[in-house]
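Secondary and tertiary structure notes
Residue-level listing of the chains:
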Amino acid sequence: MVMRTSSIRSQDDPLSLALLPPLTESESDRQARLRREAEARRISEQIDEELKVDRRKWERSRDDVKLLLLGQAESGKSTLQKQFQLMYSPASLESERISWRTVVYFNVVRSIKKILATLEVWDDVDDGTDSQSALERQELGNDEFPVLDNVGPSVSPTVPSPVDTHPQASTSIPTKATSISELRLHLRSLVRTEPQLADRLSGGVSPAGSGKGEVFVRTGWQARTIQKGHESVVGKRLRRSVNSPTDSAKVGVPDQASGRPATSLSTLDPDPLIEEVASMLEQSQDAIRTLWEHPVVRALISKRKLKLDEWSEFFLNDITRISAQGYIPSTDDILHARIQTMGVSEHVFDVDVHGKTVTWHLYDVGGARGQRHTWVPYFDDANAIIFVSPLSAFDQYLEEDPRTNRIDDSLQLFTQICSNQLLKSVHLVLFLNKTDILKKKLERGLRVSKYILSYGERPNEYESVVNYFRAHFQQVHRRNNQNRRVLYVHLTNVTDTTATQDIIANVRDSIFRGYLKLAALV
Ligand SMILES: Nc1nc2c(ncn2[C@@H]2O[C@H](COP(=O)(O)OP(=O)(O)OP(=O)(O)O)[C@@H](O)[C@H]2O)c(=O)[nH]1
Ligand SMILES: [Mg+2]
């Protein structure tokens, strides 16, 4: 007979009543029920314990630093992210190194395509019988025309037949005298690979409203550019190389002094598309160099009729190295390679700050107008922002909206960030970036007042221009600074590793000081 403890509650509470054992419960049923109840208690306690651990984990994650990189497209956010990666997770950059080859090739092929398209607009059409086009004749007759030393190899030209349209089949070496239509024939197959390279990088995704029909990539794009076998071998070898300095020499880890890879990846599984492009580049390197150094192209550039992206120049100047067999991108190449970010990509680093390791989550966002709505969900719990503004863009207009000057857009965007209520307590850092390109533009004689009317009669010199723009950003900050927070301003060239890493260390310390202050308050 089972003794039941009766209580007012158990009799009144329908749930307790329902849970009571039946009146007819036998001794063996009672034992089984007690075992079940003990097991249920054990599971419940285990769940409670796991919840406690989870809560602790969550609390730990609240201690992590969340840093947003914000700014318009092409301002240098992803380049800055690469510098963080280089500093705090070099092994991960190493394992990606080979994937950047696809981006570099894509940048080169796209630049060649743009040069040829611009030449077409400016009429290089000839009838195939005359090696000089109308434009060439016009330009070569021009006294202002730049005289180039060292253009093309000093062997006599072997001009290919106009019907020989396959550049790989041709053994001719283009020279200064080679006409643009001949170069176009040489480079036709290479240029045709551009959409395939774009597709390899983007996975076929091209978001609407994002500007010049660029190639956008999401986090993890690297996997698409590496064959399965390739990826695992590179990943394994390069990971190991980080732990063992003796291994690094064997596996393509860059030589520290030159930043260039020490070995080729000839033993790894190739991606057929990339290998084909590599081989075309190798065979077309003379044609590319001749085109790039061609007097007509030089003249179009100097007259600003051909406006190439900054990275085009970087890669085309070094085309012999890039198109060589077994090319692996150097760290400098990776820092200059251009690919637009789509959405928000998160990068996690363990950052050692004066003996304490803190996990940092770096959010690198797409800066084109069509991408900016994706930033907002990350504002809630952000600790710090680095706002990147490219000062060299004073003579450029948004790809998404050709009426808007890029500096104006950057100031407007900075106003929105400074005045955003969700961000009012966030540690704010401003990178006035691309100072190296700004210097070059000013040296070339580009006048700021032509594009920024308010600049007026101020001297067209670096110091004066930088002070003028910096003052504008500081004014925006002052006018939208409810919480009297400090604005930390740095003049940067984020492709310069030594200088940028010093600045990152400085930013890290200032964020950490704020972090300690906050920790002391809670
Ligand atoms: N010379 C020079 N080039 C820079 C600098 N910062 C960035 N670049 C180059 O500018 C190009 C664009 O930089 P990204 O870092 O891709 O720009 P982003 O802000 O991430 O652009 P989105 O992803 O479109 O928002 C790349 O080719 C970089 O190498 C700089 O300070 N100096
Ligand atoms: Mg980016």
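Residues numbered from 1 in each chain as written. Chains lettered and ligands numbered in written order. Predicted model: local features only at pLDDT ≥ 70, side-chain atom pairs only at ≥ 80, totals over all residues. Heavy atoms only, no water.

This next bit is on the overall build of the protein. Broken down by element type, the protein carries 21 helices and 8 strands. When the 522 residues of the protein are sorted by exposure, 47% land in the buried category. A total accessible area of about 26900 Å² is found for the protein, and carbon and sulfur atoms account for 51% of it. (Helix = DSSP H or I, 4+ residues; strand = E, 2+ residues; numbered from the N terminus. Buried < 20%, exposed > 50% of the residue type's maximum accessible area, 1.4 Å probe, protein only. Areas by Shrake-Rupley, 256 points an atom, 1.4 Å probe, with all protein chains shown as cover.)

In this section: the UniProt feature "binding site: Mg(2+)" (unreviewed entry) in the protein. Look at the UniProt record and you will see "binding site: Mg(2+)" (unreviewed entry) annotated at Thr341. Mapped onto the secondary structure, threonine 341 falls in strand β3 (residues 340-341). The class for threonine 341 is buried, based on a relative accessible area of 13%. Excluding residues within four positions of it along the chain, threonine 341 makes contact with Ser78, Phe216, Val217, Asp364, Val365, Gly366 and Gln371. A distance of 2.8 Å separates polar atoms of two side chains, one belonging to threonine 341 and the other to serine 78. (UniProt positions renumbered as here; feature names shortened; annotations may be inferred. Contact = heavy atoms within 4.5 Å. Polar contact = N/O pair within 3.5 Å; in protein donor to acceptor, adjacent residues only side chain to side chain.)

Enumeration over the complete set of coordinates arrives at 11 aromatic pairs. Residues tyrosine 88 and phenylalanine 349 carry aromatic rings whose centres are separated by 6.4 Å and whose planes lie at 45° to one another, so their mutual orientation is tilted. Of this pair, tyrosine 88 sits in helix α4 (residues 77-88) while phenylalanine 349 sits in strand β4 (residues 344-353); the two residues are 261 residues apart in sequence, bridging distant segments of the chain. Given the relative accessible area of 4%, phenylalanine 349 is considered buried. Between tyrosine 105 and tyrosine 327 the ring centres are 6.1 Å apart and the planes differ by 35°, which places this aromatic pair in the tilted class. In this pair, tyrosine 105 sits in helix α6 (residues 100-121) while tyrosine 327 sits in the loop between α15 (319-322) and α16 (331-336), placing the two residues 222 residues apart along the sequence. In terms of burial, tyrosine 105 and tyrosine 327 fall into one category: buried. Through pairs of rings, three or more aromatic residues link up here, namely Phe84, Tyr88 and Phe349. In this arrangement the basic side chain of lysine 439 is found over the ring face of tyrosine 462, its NZ or CZ atom lying 4.6 Å from the centre. Directly above the ring of tyrosine 455 sits arginine 458, whose terminal nitrogen or CZ lies 5.9 Å from the centroid. (Phe/Tyr/Trp six-rings, centres within 6.5 Å; stacked < 30°, edge-to-face > 60°. Lys NZ or Arg CZ within 6 Å of the ring centre and 35° of its normal.)

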